[in-house]
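The primary structure of each chain is shown beneath.
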Amino acid sequence: SLDPRDVEFSMYALRAGALALLPKPPGPAAGDFDRITRRFTETIKAMSQVKVVRHRPPRGPTATAPAAPPRARPMRILAIAVSTGGPTALNRLFSSLRGDLNAPILVVQHMAPEFIGGLAAWLNLSASLKVKVAEDGERLVPGVAYLAPDNRHLGVSASHAILLSGDPPIDGFRPSGTYLFESVARVYGAAATALILTGMGRDGVEGLRTLHKAGGHVIAQDEETSVVFGMPREAIAAGCTHRVLPLNLMPGYLEQLLNDGRQVK
């Protein structure tokens, strides 16, 4: 029941190991009470199954990423969709990626309104690359991660700039992973890489179908390292993925795909 604008406290909770941030639902008189409380209870039920204490040996520095596939065209952009457990997953990913990554990163992270700016600031504390909330029309820059702002779809324009949209939600989500992946597929086609990470439900799967058909490369997080395996599992079941990797092997694999000495145009 904290003020949702109290972002700093919430970031402390994430640092301490919180896996999700949920605002207290509104009262029964609110117009969207049913929708919000339904999503709230679904999240609580899903989180009740998470094994928050895991005693497994770290794969750490001895683990090496599998070889990335040969490709005719350089990968020029990375698009990510993530939900429950996402802030921690993004923190681990961005803190391990090199700051000279030769592609921009676009991220749809489902979270409560007014927290996205605080998330960007928190991720910047440990990331080698720059993390910011996306602004409509800004030019894409390699080595920068752009987070979808509250209640706006995130995509790219034909001129390789950020495109924010107020189009209707897709499967209840705005921003939507499907919107992002379809937009990236239209502009970049086979030069696009997509990640589907930990999260409830199946947001992003239909967009991944489009990107997969366009020749893009799709990577899903494995079950063992996912807080909630819903989104990656649905993408794998739909036949939209090329690789299933644990989170700790993704940075090395992505750097093989994206850092080939060519610049984004």
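Our subject is the structure that appears above.
Presented here is an overview of the structure given in this document. (Residues numbered from 1 in each chain as written. Predicted model: local features only at pLDDT ≥ 70, side-chain atom pairs only at ≥ 80, totals over all residues. Heavy atoms only, no water.)

Regarding the overall build of the chain
So, point 1. Scanning the chain from N- to C-terminus turns up 8 helices and 9 strands.
So, point 2. Taking 265 residues into account, the globule formula puts the C-alpha radius of gyration at 18 Å, and the chain, at 18 Å, falls close to it.
So, point 3. The principal-axis extent of the C-alpha atoms belonging to the chain is close to 55 × 45 × 35 Å.
So, point 4. When each of the 265 residues of the chain is scored for burial, the buried share is 50%.
So, point 5. Restricting the contact set of the chain to residue pairs at least 6 apart, pairs at least 24 apart contribute 73%.
So, point 6. Distance between charge centres in the chain, computed from 29 positive and 23 negative side chains, equals 6 Å. (Helix = DSSP H or I, 4+ residues; strand = E, 2+ residues; numbered from the N terminus. Rg over C-alpha atoms; globule rule 2.2 N^0.38 Å. Buried < 20%, exposed > 50% of the residue type's maximum accessible area, 1.4 Å probe, protein only. Contact = heavy atoms within 4.5 Å. Lys, Arg positive; Asp, Glu negative; His and termini not counted. Charge placed at Lys NZ, Arg CZ, Asp CG, Glu CD.)

Some words on the packing of aromatic side chains
So, point 1. A complete count under the given rule lists 0 aromatic pairs for this structure.
So, point 2. In this arrangement the basic side chain of Arg 39 is found over the ring face of Phe 173, its NZ or CZ atom lying 4.7 Å from the centre. (Phe/Tyr/Trp six-rings, centres within 6.5 Å; stacked < 30°, edge-to-face > 60°. Lys NZ or Arg CZ within 6 Å of the ring centre and 35° of its normal.)

Description of the layout of surface pockets
So, point 1. Approximately 1,100 Å³ is the volume found for the largest pocket.
So, point 2. The set of elements that each furnish at least two residues to the lining of the largest pocket consists of α2 (33–47) and α3 (86–96).
So, point 3. Per-element tally for the lining of the largest pocket: the top contributor is α2, with 7 residues.
So, point 4. Each residue belonging to the lining of the largest pocket can be placed in one class, and the counts come to 21 nonpolar, 10 polar and 8 charged. (1 Å grid on protein atoms, 1.4 Å probe; cavity = no way out; pocket = protein on both sides within 12 Å on 5 of 7 lines; lining within 4 Å. Points joined across faces, edges and corners; volume = space filled by probe spheres on them. Nonpolar A, V, L, I, M, F, W, Y, C, P; charged D, E, K, R; others polar.)

Considerations on the pattern of salt bridges
So, point 1. Enumeration according to the criterion identifies 7 salt bridges in this entry.
So, point 2. Put simply, Arg 98 and Asp 100 hold a salt bridge, and the shortest N to O gap is 2.9 Å.
So, point 3. For Lys 132, the salt bridge goes to Glu 138, with nearest N and O atoms at 2.9 Å.
So, point 4. With relative accessibility at 15%, the residue Lys 132 sits in the buried group. (Salt bridge = Lys/Arg side-chain N within 4 Å of Asp/Glu carboxyl O.)

Comments concerning the environment of Val 187
So, point 1. Tracing the backbone through its elements, the reader meets Val 187 in helix α5 (residues 177–188).
So, point 2. Note on Val 187: relative accessible area 26%, which makes it partly exposed.
So, point 3. Here the alpha-carbon distance between Val 187 and Ser 159, two residues 28 residues apart in the chain, equals 8.7 Å.
So, point 4. Val 187 has contacts with Val 156, Ser 157, Ala 158 and His 160, leaving out every residue within four places of it along the chain.

Observations concerning helix α8 (residues 250–258)
So, point 1. The element α8 is extensively covered by neighbouring structure, given that 7 of its 9 residues are classed as buried.
So, point 2. Listing the buried residues of α8 in full gives Met 250, Pro 251, Tyr 253, Leu 254, Glu 255, Leu 257 and Leu 258.
So, point 3. Those residues of α8 that are buried are in contact with β1 (77–82), α3, β7 (192–196), β8 (217–221) and β9 (243–245).

As for the sheet that holds β8
Within a beta sheet, neighbouring strands are joined by backbone hydrogen bonds and run either parallel or antiparallel to one another.
So, point 1. Sheet architecture is open: 7 strands sit in the order β3-β4-β2-β1-β7-β8-β9, paired in parallel fashion. Of all the strands in the sheet, just β3 (130–133) and β9 have a single pairing partner and so form its edges. Taken pair by pair, the neighbouring strands of this sheet meet at an average axis angle of 20 degrees, ignoring direction.
So, point 2. Across 4 bridges, β3 lies against strand β4 (residues 144–147) in parallel orientation. The residue bridging Val 131 from the neighbouring strand is Ala 145, located in β4.
So, point 3. Its contacts with the sheet put helix α4 (residues 116–124) on β2 (105–109), β3 and β4, and the angle it makes with β3 is roughly 175 degrees. (Pairing = 2+ DSSP bridges. Axes fitted to C-alpha atoms, helices over the stretch in contact; angles between N-to-C directions.)

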